[in-house]
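Take a look at the letters that make up each chain.
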Amino acid sequence: MSSASDTAPLPPRHWSADVLLIDGSTAHIRPIRPDDSDLLVQFYSRVSDQSKYYRFFSPMPTLSDKDVNRFTNVDHVDRVAFVMILADQMIAVGRFDVIKAGEAEVAFLVEDRHHGRGIAQVLLEHLAQAGRELGIERFVAEVLPDNRRMITTFKDAGYHVAGGFEDGVMSLAFDIDPTTTAIGVMENREHRAESASIEKFFNARSVAVVGASRRQDTIGQALVRNLITADFTGVVHAVNPNSEPVSGLPAYASVTDIPGDVDVAIVAVPASSVQDVVLDCAAKGVHGLVVISSGFAETGDEGRRRQRKLVGLARSYGLRLIGPNCLGVINTDPEVSLNASLSGLMPPRGRAGFFCQSGALGSAILEKVDKRGLGLSTFVSAGNRADVSGNDLLQYWEEDDTTEVVLLYLESIGNPRKFSRIARRVSRRKPIVAVRSGRTTQGVPMGHSVRTIAAPQQAVDAMFRQAGIMQVDTLEEMFDVAQLLAHQQLPRGRRVAVVGNSDALGLLATDAAASVGLVVSKSVALGANATAEDFEDALDAAIDDPDVDAVVAVYIPPLNVSGEEVANVLAAVGEQSDKPLVSTFLGSEGVPELLRVPDVAGSTAGRGSVPSYPAVESAVRALAHVVEYAMWLRSPESEGEESGEVDVLTAKKLINTVLMEYPDGRDLDFHELHALLAAYGIDLWEPREVRTADEAVRAAQELGWDVILKATAEHLRNRPDLAHVWRNIDDEDDMREGFASLSELISDPASAGFVVQRSAPPGVPVGVAAVEDPLFGPVVSFGISGPLTELVGDKAYRIPPLSEHDARAMTREIKSSPMLFGYRGSEVVDVDRIEELIQLVARLKNDFPQLRSIDLSLVLAGAEASTVLSASARVEPVADLRSDWFVRRLNAQVEDTIPD
């Protein structure tokens, strides 16, 4: 006889995940299994009597066989249970049982020594998401009044908790719909946990180098040497199986042999030995690993499998991992002075945090930083980015007071949706400058495990702009922008003054400014023999001019002149000015010694130092990027604004009805699509399908004439010559003439898909569309309708939620936008209505991941109204309903590396 578990459906794969706890350590959460009996019994034996009493409301020292069987055998539908596993032990269990349609009772039990780590909150998030996927709308719980920890867990989750009291027991109830408050709570906990995990690397007090060596020119020797020569303020331990002293340090055969605590282990052993090191570090209680070793995903299929096992093993024991195949980490804070990297060059103290992926490129980056005198606060080279990613660093740098500018060199983006969300928030506090390799080729390094991004590359660029990120093309340009951000004020606008002693360079600066959207409001040519006093007077006048937002200074010295006096003037003005000042000074790059302002924090150059660029065009381009960022900061901070009344329940019912009848999904018919759009305030005009002239006449009569006849077959759409449309049909003769003419023009009229539709007011044809990307989620696009738009890719993209500012930008950034604003004497269209339409489509797509695609392919934007004439949509089932929007989980290692 089969048990219930034998016939129960398997739980969805995405219900299993690695998670990060509030203290920055990892654990694994998954559905309970029948073979968890022993783990459950052992777990229960470690739980205190008080916690057992709180869970079951009576003394229950042990679990009977019947209890164990009931708790471990669930159907994953009406009875769902998740366990949390750490170091092969169960440390918590949470479950819900359906008590009636749409309502379930939820309960938790957490091992006492793991209280305070946010485990119950994580379990609640995952149980609530599983419940939503199963149609559960409400959780209830019975809690003893003095079980304040559990009561707090429910209330602090961001749900509206209602309660009652009867027979000495509190009855709590709350809807589990992911409210804005609940999502905000989850994101705040995610931020704290990820920031805490990175803080443990940067502020390590004890570091073990596993694979330390006495032999020169070895990786192990270089790591020890770099830690020591950087004057690391903590303790360095050498680990080598031979136990021979390394660089004057005693060596230990294993990490577990080291006396005292070890915070971080730097691993430089053969790839085949790294997993053994992980186990040693876990036994020792190490917080994090920096794996320098290569031989993982960058080497091919076998290496990818080895990397997946490495990450899974590290996380299963609570460890975070940087790498493998990485350069290492650096913290220039003199209180730490950590150089846990292969670079012998310790960068000077500065205001910028730098994240890159390639180890080889990391060395070149550090050399460039040193050459320019830029200075860094912290540096991470993540190598294959198997665990710790740029998202984690953004979370840390957001709160790090010593980091004022964030620099990213990205070779791949593992979770762009999360990256966008975090970057939007961080950019409001600190500027982010990014170089993204592979923008043209779409290639990623072999060692990076990423999934396919279906959205076009323009959508990725739009995501960067929407998040306020200054995206540049080269490392040189990144440093150009960074040195301006690190040392000067943000401009208030686009107006620039050019002050210099070279007419030729002044003209180049003016041309460069015009090409990048800046306006030269003042140009002062001082002449080749200008003195320091001349420069001071001109610069002061430019700074004081209310029509100037930034100043570009150009100084090329006459023969046999050092320029020191002019440098002193530039430095003094730069320090005192509330407007940014950039220069081309003696063709120097970076922040020359003469233009530096001392910094009490120990940085190479303080705030007010004047950055110099070897070419004036570079100075102007850097300034233009910073201007765009300053303008973005002035845009509304709203994550998305409501655009009219919508009927979400009607739309939800319609989509669910279709999917219940067609589990694999299908295209919506006109009546379904009309109802769906109407629920969001969008009126789709009805096309009447006709096959004969008689049917066309009847349809026109029912519509009241003033109609058009058009062919809608796929191969006839978007004909530039409009030969498949017959307009101005006012009576039967017109209709029959039109039907005959189109039938004659079209080679196969039977398959033309003729429809009759009311004539719309004249307007500009535009299109609004949205798709569900497997990584981004919803992506919205806008453009002028027609084949030319598709040919040249003239579309604007955004990632919902969209604000009014986002929609406004979309209608203005396409190259063909003048057509909406009276081009060549045409009427200006009602752009406000188009922008509202964009927001409505974005909101609809954002609300329903099951809406695989929606395309308002033909909207006539007129002066007084916009008419939606043609649209299509498809619904498909979604495995996890964007579950990572509503629960915390670490990125999983995918099976294959697929370029994004």
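Residues numbered from 1 in each chain as written. Predicted model: local features only at pLDDT ≥ 70, side-chain atom pairs only at ≥ 80, totals over all residues. Heavy atoms only, no water.

Caption draft 1: View of the overall build of the protein. Across its full length, the protein carries 26 helices and 35 strands. A globule of 900 residues ought to have a C-alpha radius of gyration of about 29 Å, and the protein, at 32 Å, matches this closely. With the C-alpha coordinates of the protein rotated into their principal frame, the extents come out at 100 × 100 × 55 Å. The proportion of buried residues among the 900 residues of the protein is 56%. Within the protein, counting contacts between residues at least 6 apart in sequence, those at least 24 apart form 73% of the total. Averaging the coordinates of the 86 positive side-chain charges in the protein and doing the same for the 128 negative ones gives two points 4 Å apart. (Helix = DSSP H or I, 4+ residues; strand = E, 2+ residues; numbered from the N terminus. Rg over C-alpha atoms; globule rule 2.2 N^0.38 Å. Buried < 20%, exposed > 50% of the residue type's maximum accessible area, 1.4 Å probe, protein only. Contact = heavy atoms within 4.5 Å. Lys, Arg positive; Asp, Glu negative; His and termini not counted. Charge placed at Lys NZ, Arg CZ, Asp CG, Glu CD.)

Caption draft 2: Region of interest: the packing of helix H15 (residues 475-487) against helix H19 (residues 616-634). Direction vectors running N to C along H15 and H19 enclose 65 degrees, while the axes themselves pass 9 Å from each other. In terms of their interaxial angle, H15 and H19 are classed as roughly perpendicular. Seen along the crossing, H15 lies across H19 with a hand that is right-handed. Facing Glu477, Asp480, Val481, Leu484 and Leu485 of H15, the residues of H19 in contact are Ser618, Arg621, Ala622, Leu623, His625 and Val626. Across the contact of H15 with H19, the residue classes break down as six nonpolar, two polar and three charged. (Axes fitted to C-alpha atoms, helices over the stretch in contact; angles between N-to-C directions. Parallel < 35°, antiparallel > 145°, perpendicular 65-115°, else oblique. Left-handed = near helix turned anticlockwise from the far one by under 90°. Nonpolar A, V, L, I, M, F, W, Y, C, P; charged D, E, K, R; others polar.)

Caption draft 3: Structural context of the confidence of the model for the protein. Mean pLDDT for the protein: 90, with 91% of residues reaching 70 or above. Every residue in residues 1-5 is under pLDDT 50, and counting partners more than four places away or in other chains gives three contacts. Here residues 895-900 is modelled with pLDDT under 50, and outside its nearest four sequence neighbours on either side it reaches 25 contacts, counting other chains as well. (pLDDT = per-residue confidence, 0-100.)

Caption draft 4: The arrangement of empty space enclosed by the protein in detail. Inspection of the entire model under this criterion finds five cavities of 30 Å³ or more. Counted as a void, the largest cavity has a volume near 120 Å³. Together, 13 residues line the largest cavity, and Glu125, Tyr159, Ala182, Met186 and Phe886 are the ones closest to its centre. Residue assignment for the lining of the largest cavity shows that the elements contributing at least two residues are helix H5 (119-133) and helix H7 (180-202). Take the lining of the largest cavity: its biggest share by element is five residues, from H7. Taken together, the residues that form the lining of the largest cavity break down as nine nonpolar, one polar and three charged. (1 Å grid on protein atoms, 1.4 Å probe; cavity = no way out; pocket = protein on both sides within 12 Å on 5 of 7 lines; lining within 4 Å. Points joined across faces, edges and corners; volume = space filled by probe spheres on them.)

Caption draft 5: Up close: the pattern of salt bridges. A full pass over the atoms with the stated rule returns 48 salt bridges. Measuring nitrogen to oxygen at the nearest pair gives 3.2 Å for the salt bridge that ties Arg688 to Glu686. In this structure Glu686 comes out as partly exposed when scored by relative accessible area, which is 33%. A single network of salt bridges, built from pairs that share partners, joins Asp18, Arg315, Arg320, Asp387 and Asp392. (Salt bridge = Lys/Arg side-chain N within 4 Å of Asp/Glu carboxyl O.)

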